[in-house]
Amino acid sequence: MAWNKKHLLDIQSLGADEIVTVLDTARAFKAVGERAIKKVPALRGKTVVNLFVEPSTRTRISFELAAQRLTADVVNFTAEASSLKKGETLKDTARNLEALNADFIVMRHSASGAPHFLSRFLRSSVINAGDGAHEHPTQALLDAFTIREKRGKIQGLNVTILGDILYSRVARSNIWALTKLGARVTLCGPATLVPRVFEKMGCRVTYNVEEAIADADVINLLRIQHERQRKTMFPSIGEYTSLFGLTKARLARTKPDALIMHPGPINRGVEIDSEIADSARSVILDQVTNGLAVRMAVLFLINGGQGPQGVTA
Ligand code: CP
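Residues numbered from 1 in each chain as written. Predicted model: local features only at pLDDT ≥ 70, side-chain atom pairs only at ≥ 80, totals over all residues. Heavy atoms only, no water.

## Quick word on unusual backbone geometry
Here is step 1: Of note, the amide linkage connecting Gly264 to Pro265 takes the cis form, showing an omega dihedral of -5°.
Here is step 2: In this structure, Thr71 takes a positive phi of about 70° despite not being glycine.
Here is step 3: Within the element layout of this structure, Thr71 appears in the loop between helix H2 (58-69) and strand E2 (73-78).
Here is step 4: In this structure, Asn101 is a non-glycine residue whose phi angle is positive, near 70°.
Here is step 5: You can see Asn101 is positioned in the loop between helix H3 (90-99) and strand E3 (104-109). (Helix = DSSP H or I, 4+ residues; strand = E, 2+ residues; numbered from the N terminus.)

Encoded structure:
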């Protein structure tokens, strides 16, 4: 199926068929990554600029590697060492990158809507690598890929997202993706961080963690995003862990095959017990591995690739 999107700004505006095309294309790219020669020339002559104006480990490095595996030229923009520090606007910065013939601008920004703003005037393709508390589309795609890979399907699964939902772009993108693909999504956390307005997105909201995890096929844990919270949302980290953390006692009351997921970075001993994060039940590092194939698929499809059969061409 052709993927007729110039940008990837969010999951909200994608159809289920477009999400499935990314997942199928990523599966082909994962196979490419297991070959002796892991590179394909799909983006030869193209330039990808990673415009990260907020910290990142996983997303920035996997977009860089994804572009390299597709034989693109890659430039990593470091906000701290850029003319943003001298007062240059985001718009001027992006237009200068375009003047240097950037074909793709992969952007992370603390302001919700920043990639949508760039997409309105740039000729380059814009890929959202996380905008404020709004969306993180490639994280949701790699999460969906990992669930489908491990469980064989997404339709009909019970997925619980546990933690700071209010400030989480990962939660919003996951809710859009998983509900479009037919999963039942439950949200749980402190009432201040899980407002009932999320029910309007088709989710179940509960403040009872035991109930939230009991019948879950997937438990996706989110860290507390202090950098976005403007006031104290709960009394203490210790209280959060005792009420909502995935402890060994709580894990014992989950389905034995429930997948334990986390987008990272993990705060060990807060939202997840350190041993659980490293256990066989955890697919946290599989998510990171799959992120590379998913980001290759996104770059490939936006460049006009026909997925997934065209991948090996
Ligand atoms: N999951 C995620 O977005 O991680 P980074 O902030 O390290 O990119």
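Picking up after the structure, the text goes on.
## Brief notes about the packing of helix H5 (residues 137-151) against helix H11 (residues 284-302)
Here is step 1: Remark: H5 packs on H11, axes separated minimally by 8 Å, with the N-to-C direction vectors making an angle of 115°. In the packing of H5 onto H11, the handedness of the crossing is right-handed. Only Asp286, Gln287, Asn290, Gly291, Val294, Arg295 and Val298 of H11 make contact with H5, whose side of the interface consists of Thr138, Gln139, Leu141, Leu142, Asp143, Phe145, Thr146, Glu149 and Lys150.
Here is step 2: Along the lines of polarity and charge, the residues of the contact of H5 with H11 split into five nonpolar, six polar and five charged. (Axes fitted to C-alpha atoms, helices over the stretch in contact; angles between N-to-C directions. Left-handed = near helix turned anticlockwise from the far one by under 90°. Contact = heavy atoms within 4.5 Å. Nonpolar A, V, L, I, M, F, W, Y, C, P; charged D, E, K, R; others polar.)

## Considerations on the domain arrangement of the protein chain
Here is step 1: Partitioning the protein chain into domains gives domain 1 (16-135 + 288-310) and domain 2 (137-286).
Here is step 2: Across the boundary between the two partners, domain 1 contributes 28 residues, which contact 28 residues of domain 2.
Here is step 3: Summing the contributions of domain 1 and of domain 2, the shared interface buries around 2,300 Å²; its carbon and sulfur component is 59%.
Here is step 4: At the boundary of domain 1 with domain 2, the tally comes to 15 residue pairs in polar contact (both at pLDDT 80 or more). (Domains from an automatic or database assignment. Buried area = accessible area lost by both parts, 1.4 Å probe. Polar contact = N/O pair within 3.5 Å; in protein donor to acceptor, adjacent residues only side chain to side chain.)

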